[in-house]
Every structure is written in structure tokens, then in C-alpha cells.
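# Geometric and topological summary
The chain contents come next:
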Amino acid sequence: MSDRLRGELRLPGDKSMSHRALLYAALADGETLVTGAGDGHDVRSTASLIAALGASVSREQTTSIDAPGTARWRVRSGGRRSLRPATAPLDCGNSGTSMRLGAGLVAGIPGTHTLTGDASLQRRPMARVLEPLGAMGARAVGSGDEGARAPLTITTDGSLRSVTWTPSTPSAQVKGCVLLAALAANGESSYREAVATRDHSERMLSARGALIRTTRGLDGTTVTIAPGPLSALPHVTIPGDPSSAAFWLVAGSLHPNADLLVRDVSLNPTRRHSIDLLRRMGARIDEFPHPDTGSGEPVGDLRVRSAALHGIEMSATDVAMAIDEVPILSLAAAMASGASSIRGAGELRAKESDRIAGIAAGLAALGLSITVVGDDLHFAGSGRPASGATAALADHRLAMTFAIAGLVAGVEVTVDDPGAAAVSYPTFYEDLARIGAAA
Ligand code: S3P
């Protein structure tokens, strides 16, 4: 057992922002240096995708100021008109964001495009992007029984119709897809969402001169965007990923002797909900916001210390606002004193794995109490993980959740596919060993 968890962490850059920084760089006429980008497999898939469409993409040596697990990318493009259909299918690997946002990008590039991915990605629902792209005039078809799985084929003459789209499920990926396609439409398009999902697309498109505005009403949020080119932006810096920070916020809270400082994390209001949920559970998390550097995102350091967590109720809105953190929040709920519930988590079945099944099986394998009723997860609480063998289902967030269970309880947890963590957090095990080894 690590008697104490101590140290400072600098995390890979936010995955959602890293994808968008690359995609928008490909649509601008000019050169962009992206620093601090997450260097997981998913972001590399997006870098390959824009390169296959004709952007010039080079990976540059990181320097001593770059956080571990980050990459520097230099992208040169002549804007949309310089991009062409790739000669081979665009392989998005494990990355839903590469595929769904990539579909929006290619819908504005004349020709026929094929997007594919690994076995996990080929199981994930894609009707949610095929439908709006079809409504905008692209011929967007999938494969499989319902014609709604990858590989996707998108044929377009590059001129799309404007659209007003209301998705059936809150999804920043679908929003990101529609907003990208809308840049090539013949008028203003709108995207309406009942729950405000992460707003990196809006912030980053606006920084590139897109005419985009958000209006908030009683029935939700509407984002409206005008078509047009994106302007050049020589340098984009990506802050640390709050979804990766959540692993340390939970580890620091649950471990009996912890004091961790997580540096340079995005504190974007649409991404910080797991901090607020953990605080509702009694977590001791201090925030040290950085002065505004004009990066378009609030950024700060987070200090977390051991705390006596107690159970809480989490609603479907909480799930939508902390969608990627549910696996690690489930570990917190299983170990907090008293019962917790996470309700309306059905969307987790459509992630890199069926995360509801994966969380339930993994926590149960460690002797923790969890009951699944429909799309709701119930925790008796007050559990302590025992040694055990878990299955990550090739899912990065499950692999890291189970590893954290071992760290905080000082037991031996084996994860069948620990390497899955590299999808979003390639330096995760180094960080885990370092903070656990602090004398
Ligand atoms: C993402 C949006 C979320 C999230 C994913 C990244 C994005 O997916 O789970 O990891 O970058 O837009 P959904 O919007 O489909 O829920």
C-alpha cells in the first residue's frame, strides 16, 4: 500500500479541445502550432485524418515547458478548398470524436469519403450524425443491420443546406459535427440542446472568427452559426484534461493520506461538473484559477486532500454534464459512506464499451456493492475494494478506474488491458507510480 499520495501532476491536454484544434486548423488558410495537445491514440487519429484530407501535419519535438503526455503539432492548410477526399478510408481507431466531428468536416469537402474505426467504434451509434448531415443534403450512410454503424460513407458536392437540429440525446460530438458542416451551408444553422454540453466547439470556432452565438432559454440552449471560412490562428495551447484530472480528484479524496496538486486543468464551466459532484459528496478540493491569458478557456490548479466522502443522488442531468467521469465517480460512490445512485446513465452503454456493464462487473470483481436497474446505478456505499481481476473491455476510462481502486485501497487489482489507458492518458501509470511512491 502507498501510505501516502503526494505530488504534483501535469496532465495531457484536453482531448476534446485537442481534436478540435486540429480539425479547425485544417479548415483555416494558414499555419497553426498546437501545443499541449493530448498525445493519446484518439488525438493521433484526428491528426492522421486531417493529414489524409490534404493538410500538412507534422509532429514537433516537445520542450521542457510541455507537460508529459502532450504533443506539439504544426498544421499547414490552404483552408477547406485545399482539402480533398482521402485515397483510403479514414481510420478513426477507437475515437468517436474523430469519427463524428470528422463526418461533419468531410461533409463540406466535395467527393466521397469513408470513415471507419476499430471494433468498438464500429459498434457505436452513428445515426445521430448521419441524420443531420442527410438533412443538410449530404448522402450519409452507415453499415450494419440498421445502416447506422461505421464504416460510414459520405458523398457530397460540398454545398450543404442550413439546418435547425434538435438531437434526441445530449451530445457535444453531434453538436461539433453539425457546427462543422454548418460552416459549408448556404445560410445560418442552429443546434438546440436541452442540456448544455461541453462548449469547446463554440469557443474555439469563435476564436477563429466564425459568426457563432449561443442563446439560453427555459427549454435549453441554442447555438447558431453562419457559414464561412475560419481564420488563421498561429498558436493554440491546450490546457490539462478535466476528465483525466477526475481520476486524481477521486484518488486524493478516497485515500486516507493524500495531498495532490493537479496543475493547469481546464475549468470550463461545461467540464467541471465532476468537481462539483465530488464537493457535494464532501470532497476537499481547492481551486486556484490562473489569470485570464486570453486562451478562451478558464484554467487553474486543483488541490485535493483526503476527505470523508458520503453518498449522493446523481440525476440524468448530472450524468450528461459529467458523462466521461461516471466510471470514476462510481468508484467514489461505492466507497463513500451511505448509499448513492446515478440515474439515467443509458448513454454510457454507447461509449467505448458498455460502461454500465463494465463498471458493474469491475466493481463487483473487487467486492464492491453495485446494482443496476435499467439505466440506473445504485451503490450501497461504505465499500472497500479487495484484490481482484477486472476486465477493462478495451476501454481507457474503465482501465484507469480499476487501477485507482487498487491504489486507494492498497490492494492488488489486475486490469486485463491496462494499455487501453493510452487512448486518452498515455502517462497515466507513470503518474500513478510517482504519486504513490512519494516518501
Ligand atoms: C466529446 C463528447 C462526449 C464525450 C467524449 C468527447 C467531445 O461525447 O463522451 O469523450 O469531444 O465532444 P458525447 O457528446 O457523444 O456524449
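Please refer to the structure higher up on the page.
First, a word on scope: everything that follows refers to the structure included in this document. These figures come from a predicted structure and were not determined experimentally. Each residue is numbered by its place in its chain's sequence as written, counting from 1. Restriction of local features to residues with pLDDT of at least 70 applies here, the model being predicted, together with a cutoff of 80 or more for giving and counting side-chain atom pairs; totals for whole chains, interfaces and linings are based on all residues. Side-chain figures throughout are based on the complete set of non-hydrogen atoms in the structure, without hydrogens or water.

The subject of this paragraph is the overall build of the protein chain. Helix and strand counts for the protein chain come out as 14 helices and 22 strands. For a compact globule of 439 residues, the expected C-alpha radius of gyration is about 22 Å, and the protein chain comes in at 21 Å, within 12% of that figure. Here the C-alpha coordinates of the protein chain stretch approximately 60 × 50 × 40 Å along the principal axes. Classification of residues uses two cut-offs on accessible area relative to the type maximum, computed with a 1.4 Å probe and protein chains only: under 20% is buried, over 50% is exposed, and between them is partly exposed. For the protein chain, the residues scored as buried account for 60% of the 439 residues in total. Taking as baseline every contact in the protein chain between residues at least 6 positions apart, the subset at least 24 positions apart corresponds to 76%. Here the protein chain displays about 15,700 Å² of accessible surface, and carbon together with sulfur accounts for 52% of that area. His is not counted, nor are the chain ends, whereas Lys and Arg count as positive and Asp and Glu as negative. In plain terms, the charge of a residue is placed at NZ if it is Lys, CZ if Arg, CG if Asp and CD if Glu. The average position of the 42 basic charges and that of the 44 acidic charges among the side chains of the protein chain differ by 3 Å. Elements are defined by DSSP. Helices are runs of H or I of four residues or more, strands are runs of E of two residues or more, and each kind is numbered from the N terminus. Computation of the radius of gyration draws on C-alpha atoms, with the globule rule given as 2.2 Å multiplied by the number of residues to the power 0.38. Contacts: residue pairs with any heavy atoms within 4.5 Å of one another. Reported accessibility uses the Shrake-Rupley method at a 1.4 Å probe radius. Residues are deemed covered only where the shown protein chains occlude them.

Another aspect to go through is helix α6 (residues 172-182). Burial of α6 is extensive: 11 of the 11 residues sit out of reach of the surface. Regarding α6, the residues found buried are Ala172, Gln173, Val174, Lys175, Gly176, Cys177, Val178, Leu179, Leu180, Ala181 and Ala182. As used in this structure description, the phrase polar contact means that two N or O atoms lie within 3.5 Å; if the pair is within protein, one of them must be able to donate a hydrogen and the other to accept it, and residues adjacent in sequence are counted only when both atoms belong to side chains. N-capping of α6 is provided by Ser171, with a side-chain oxygen placed 3.3 Å from the backbone N of Gln173.

Attention now goes to the pattern of salt bridges. Opposite charge on two side chains permits them to pair, given that their charged atoms come into close proximity. Salt bridges are defined by distance alone: a side-chain nitrogen of Lys or Arg within 4 Å of a carboxyl oxygen of Asp or Glu. One pass over the structure, following the stated rule, counts 34 salt bridges. Of the charged contacts, one joins Arg44 and Asp39 as a salt bridge, the two residues approaching to 3.1 Å between their closest N and O atoms. Between Arg72 and Asp66 there is a salt bridge, with its nearest N and O atoms 2.7 Å apart. The burial state of Arg72 is the same as that of Asp66; both residues are buried. One continuous salt-bridge network, built from bridges that share partners, spans Glu31, Glu60, Arg74 and Arg76.

Now for the site of the ligand. Definition of nearness: a residue and a molecule or strand are near each other if at least one heavy atom of the residue lies within 4 Å of the molecule or strand. Taken together, Ser16, Arg20, Thr97, Arg100, Ser171, Ala172, Gln173, Arg198, Ile323, Asp324 and Lys351 make up the full set of residues near the ligand. Taking Ser171, its side chain carries an N or O atom lying 3.0 Å from an oxygen atom of the ligand. Contact distances for the ligand include 3.1 Å between an oxygen atom and a backbone N or O atom of Gln173. Relative to its unbound accessible surface of 390 Å², the ligand loses 96% to contact with the protein. Elements that contribute at least two residues to the shell around the ligand include exactly α1 (15-27), α3 (96-106) and α6. The class makeup of the residues in the shell around the ligand is 2 nonpolar, 4 polar and 5 charged. Asp, Glu, Lys and Arg are counted as charged, while Ala, Val, Leu, Ile, Met, Phe, Trp, Tyr, Cys and Pro are counted as nonpolar; the rest, among them Gly, fall into the polar class.

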